[in-house]
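Summary of the model geometry
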Amino acid sequence: MRRSHRRRISAGVRYLLLSLWGIIAFFPIFWMISTSFKPDTQWFAWPPVYFPHPLTLANYLNVWFGAEEYAATQYAISSQKPLVSLLNSSIIAGISTLLSVLFGAVLAYGVSRHRILSETRMFQLLILRMIPPIVIVAPLSLYYSALGLLDSRTGLVLIYFLTTLPYAVWMTKSFIDEVPREIEQAAEILGASRWRTLFEIVLPLIRSGLVATFLFILILTWSEYLLALILTKTDVTTLPIELSKYQGTTEGRVYGRQAALAVGITIPLMIVGLIIRKHLARGFSFGMVRR
Amino acid sequence: MARVELIGLSKTFGGIAAVKNLSCAIEDGEFVVLVGPSGCGKTTTLRMIAGFEDPTAGQILIDGRVVNDLEPRDRGLGMVFQTHALFPHKTVRENVEFGLRMKRMPAAERAQRVLQVADMVRIAHLLDKMPNQCSGGEAQRVALARTLVTQPTIFLLDEPLSSLDAKLRRELRAECDRLHQVLKRTFIYVTHDQEEAMTLADRIIVMRSGEIIQTGSPMEIYSNPINYFVADFFGSPSMNLVAGEIVAGENGARFRSTAFEIVLPLKFRSARAGAATLGVRPEHVMLGGTDGIELPVRLIEPLGRDTLIYFDAASQRPFIAVSEGLSRTDIPLGTAVTLSLAPDRVHLFDADGRRM
């Protein structure tokens, strides 16, 4: 009796702490959504307004569709083209992530099956990622300028692809390691070439893992800020850069507009996550190949 | 034609020799079983023939042609794996069809061949299932079908039955035998199960520590084991092996152990004195006689037609005799029984385990 009593108390404490943590973790998201529906008078109101009243779509209409009648005239805003940024972000993050996962998987296959990289090299690959981007970004912008890649989608795709490749290799390798070699050898002896085996047998078997890797890297490239800031100027703007431009000249940040933009930035990731959630659960639990 | 020849084949893994200077020939249409305890190099040998491992030294010839540098797919082989290795994301039909697709066979012909083979190994009802919906025995049949359909000239089978239960194993063993007789192709079969080797093989190659210990037909291996290891490995119940020594006596050499002492059969009359092991199969131990062996009965095990009688021979291994139609109550436990050995079926192994 005493034991079950104690267990119930400890469960209660656990739930209390987790609930507290949940509130702390989710409050910013709640605040972002709430602010995105607030009229400008409530952005800085004290005491804070948690649930905007009246609800307004002005922030969204103004930010996303440039509806002039909702423009907050007292704020001078340096950019008004979030839809273009959305397109840029989609293209840049999408292509660089696809490239990263594809090349990463092929490379990981080589590492897993043919040891084209030693353990040390694999570790060095990861260490490369520990160099802070700020260290390389200045010289990189010089190279980019010389190569004509500055302020171009190609330039960002290239650098995102290269900087996320180590993650892709590491993640996909752990999935490929799980595929029994005999399955591959069976394909090989039945007449399949190496590439055929890779694309028809190995990659389909680890598709959940590939999807998990894809989402992980998409989140990185979708929200990357520093490299995009330095390597682009005016022609190519991504959503995180766009977000930083909603700054008033006199009155500080344009919170409502920023929140509406931020919600828009978050939604695509959530949609992707929902579409592939079936794979995510399996991908992150590894060992999905039935022997 | 499909003759496989191995010449001086060796394989070392990081300084450890898995296969040592192995040479043998497997004739066209022969069913050869490589057998030995785990780690004896039998699977490594098979994998070298398949092309999944590169030999450290030596040559592999298929029909007189050195294939060392050929890719597995170019060697004209079919292989069945221990874990069946079906493609989990493809249906049974797609699995079976795979090899034909790789050969760019037209779809209509493929479908026909798949059905033909499916009938042959009785998996026609499984074609639209996924591999994980098949039982262990069914999965192994599918794996067989997947290999059969490409009509290889040489079949490599790597412990294909070891993951199945006893009844299924017997059933599929018969299936393998039947397929070999129908197809008349070369089969190279790896197993650690001596019973499988005995029942399937035209010829058995016994391996240990990367070397061939003995080659011969199942009956040769069973009746004339070349050394202690082979004698002990084959047969169920296994051969009676009694440690002792050979001593000179007035009527020729005698064998003396802690439990008994006998005059050795004529063929061993000139055997040199010293430590030795006497071996005799249980079916060659007769109750009664005048050999001077008298051992107490420890256990009687009726197996139906035969009855195994375990005697106490003052060693860790029991001394076993087979008798037909004896029941448990015929001899009370502990009774000392006189035994004799069939003289031409007695084996002697020297201190190094070699047959004398």
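Residues numbered from 1 in each chain as written. Chains lettered and ligands numbered in written order. Predicted model: local features only at pLDDT ≥ 70, side-chain atom pairs only at ≥ 80, totals over all residues.

1. Quick look at the overall build of chain B
Tallying secondary structure elements over chain B gives eight helices and 20 strands in all. For chain B, the C-alpha atoms occupy an extent of roughly 80 × 50 × 35 Å along the three principal directions. When burial is assessed residue by residue, chain B has 39% of its 356 residues classed as buried. Pairs at least 24 residues apart make up 65% of the contacts formed inside chain B by residues separated by at least 6 positions. (Helix = DSSP H or I, 4+ residues; strand = E, 2+ residues; numbered from the N terminus. Buried ≥ 20, exposed ≤ 12 C-beta atoms within 10 Å, placed from the backbone. Contact = placed C-beta atoms within 7 Å.)

2. A word on the overall build of chain A
If you tally the helices and strands in chain A, you get 13 helices and zero strands. Written out in order from the N terminus, the α and β elements of chain A read α-α-α-α-α-α-α-α-α-α-α-α-α. Every one of the 291 residues in chain A was classed for burial, and the buried ones make up 33%. Considering only intrachain contacts with a sequence separation of at least 6, the fraction spanning at least 24 residues in chain A is 75%.

3. A few points about the interface of chain A and chain B
Contacts between the two partners involve 17 residues from chain A, matched on the other side by 18 residues from chain B. Breaking the side of chain A that touches chain B down by element, the ones donating at least two residues are α7 (181-189) and α8 (194-205) of chain A. Of the residues forming the side of chain A that touches chain B, the biggest block, seven residues, is contributed by α7(A). Here the residues of the side of chain A that touches chain B are counted per class, giving 11 nonpolar, two polar and four charged. (Nonpolar A, V, L, I, M, F, W, Y, C, P; charged D, E, K, R; others polar.)

4. Description of the sheet that holds strand β19 (residues 336-341) of chain B
All names here are of chain B. One open sheet holds the five strands; their spatial order is β15-β19-β16-β17-β18, and the pairing between them is antiparallel. Strand pairing shows two members of the sheet lacking a second neighbour, β15 (285-287) and β18 (319-324), which therefore form its edges. With strand direction ignored, the average angle separating the axes of adjacent strands in the sheet is 50°. In this sheet, strand β17 (residues 306-311) lies alongside strand β16 (residues 293-302) in antiparallel orientation, the contact comprising five bridges. Residue pairing across strands places P302 opposite T307, the latter belonging to β17. (Pairing = 2+ DSSP bridges. Axes fitted to C-alpha atoms, helices over the stretch in contact; angles between N-to-C directions.)

5. Section: the packing of helix α6 (residues 153-176) of chain A against helix α9 (residues 207-222) of chain A
All names here are of chain A. Two numbers describe how α6 lies on α9: the axes approach to 10 Å, and their chain directions differ by 155°. Considering their axes alone, α6 and α9 lie roughly antiparallel with respect to each other. The interaxial crossing formed by α6 with α9 has right-handed handedness. For the pair formed by α6 and α9, the contact residues are Y160, T164, Y167, A168, M171, T172 and F175 on the first element and G209, L210, T213, F216, I217, L220 and T221 on the second. Looking at the contact of α6 with α9 residue by residue, the class counts come to nine nonpolar, five polar and no charged. (Parallel < 35°, antiparallel > 145°, perpendicular 65-115°, else oblique. Left-handed = near helix turned anticlockwise from the far one by under 90°.)

6. Here we look at the nonpolar core
If you look at the biggest cluster of nonpolar residues, it comprises 133 residues, and the most contacted ones within it are V32(B), V33(B), L34(B), V142(B), A145(B), L156(B) and I188(B). The greatest single-element share of this core, amounting to 11 residues, is contributed by α6(A). Discounting residues that sit within four places of it in the chain, I188(B) has contacts with V4(B), I26(B), V32(B), L34(B), L46(B), I49(B), I154(B) and L156(B). (Core = buried A, V, L, I, M, F, W, Y, C linked by C-beta atoms within 7 Å.)

7. As for unusual backbone geometry
Residue and element names in this part refer to chain A. With an omega dihedral of -5°, the bond running from W46 to P47 counts as a cis peptide bond. With respect to the helices and strands, P47 occurs in the loop between α1 (2-36) and α2 (58-65). Notably, R115 is not glycine yet its phi reads approximately 45°, a positive angle. By the secondary structure assignment, R115 is in the loop between α3 (82-114) and α4 (119-128). According to the C-beta neighbour criterion, R115 is exposed, with 11 such atoms within 10 Å.

8. Let's talk about the sheet that holds strand β12 (residues 252-256) of chain B
Residue and element names in this part refer to chain B. Strands sit in the order β13-β12-β11-β14-β20 across an open sheet of five strands; the sheet is antiparallel. The two strands at the open ends of the sheet, each matched to only one other strand, are β13 (261-263) and β20 (347-350). Strand-to-strand twist in this sheet, taken as the mean axis angle between neighbours without regard to direction, amounts to 35°. Here strand β11 (residues 240-249) runs beside β12; their pairing, made up of five bridges, is antiparallel. By the bridge assignment, A248 is partnered in β12 with A253.

9. Remarks on the environment of K11(B)
Its location among the elements puts K11(B) in strand β1 (residues 4-13). A C-alpha to C-alpha distance of 24 Å links K11(B) and A197(B), two positions 186 residues apart in sequence.

10. Some remarks on the pairing of β17(B)
Residue and element names in this part refer to chain B. Two successive antiparallel strands, β16 and β17, enclose a turn made up of three residues, where G304 displays a positive phi of approximately 105°. In this sheet, β18 lies alongside β17 in antiparallel orientation, the contact comprising six bridges. The partner of T307 across the bridge, within β18, is S323.

11. A look at the pairing of strand β2 (residues 16-26) of chain B
Residue and element names in this part refer to chain B. Pairing between β1 and β2: seven bridges, direction antiparallel. Of the residues in β2, the one forming a bridge with L6 is C24. Counting the residues that bridge the hairpin from β1 to β2 gives two residues, and of these G14 lies at a positive phi of roughly 50°.

12. A closer look at the environment of R129(A)
With respect to the helices, strands and loops of the structure, R129(A) is situated in the loop between α4 and α5 (133-147). The spacing of R129(A) and I24(A) is 105 residues in sequence and 30 Å in space, taken between C-alpha atoms.

13. As for the environment of R110(B)
Residues and elements named next belong to chain B. Within the secondary structure layout, R110 lies in helix α3 (residues 107-120). When the 20 C-beta atoms within 10 Å are taken as the criterion, R110 is described as buried. Once the C-alpha coordinates of R110 and G288 are considered, the two residues, 178 residues apart in sequence, prove to be 66 Å apart. Once residues within four sequence positions are removed from consideration, R110 is found in contact with E97, L100, R101 and M105.

14. Topic: α8(A)
All names here are of chain A. An ideal rise of 1.5 Å per residue puts 16 Å on 12 residues; α8 measures up with 15 Å between its terminal C-alpha atoms. Turning to α8, its buried residues number three or more, namely T197, I201, V202, L203 and L205. The inward-facing, buried residues of α8 abut α3, α6, α7 and α9. (Expected span 1.5 Å × (residues − 1).)

Note that all results are geometric; they support no functional claim without further evidence.
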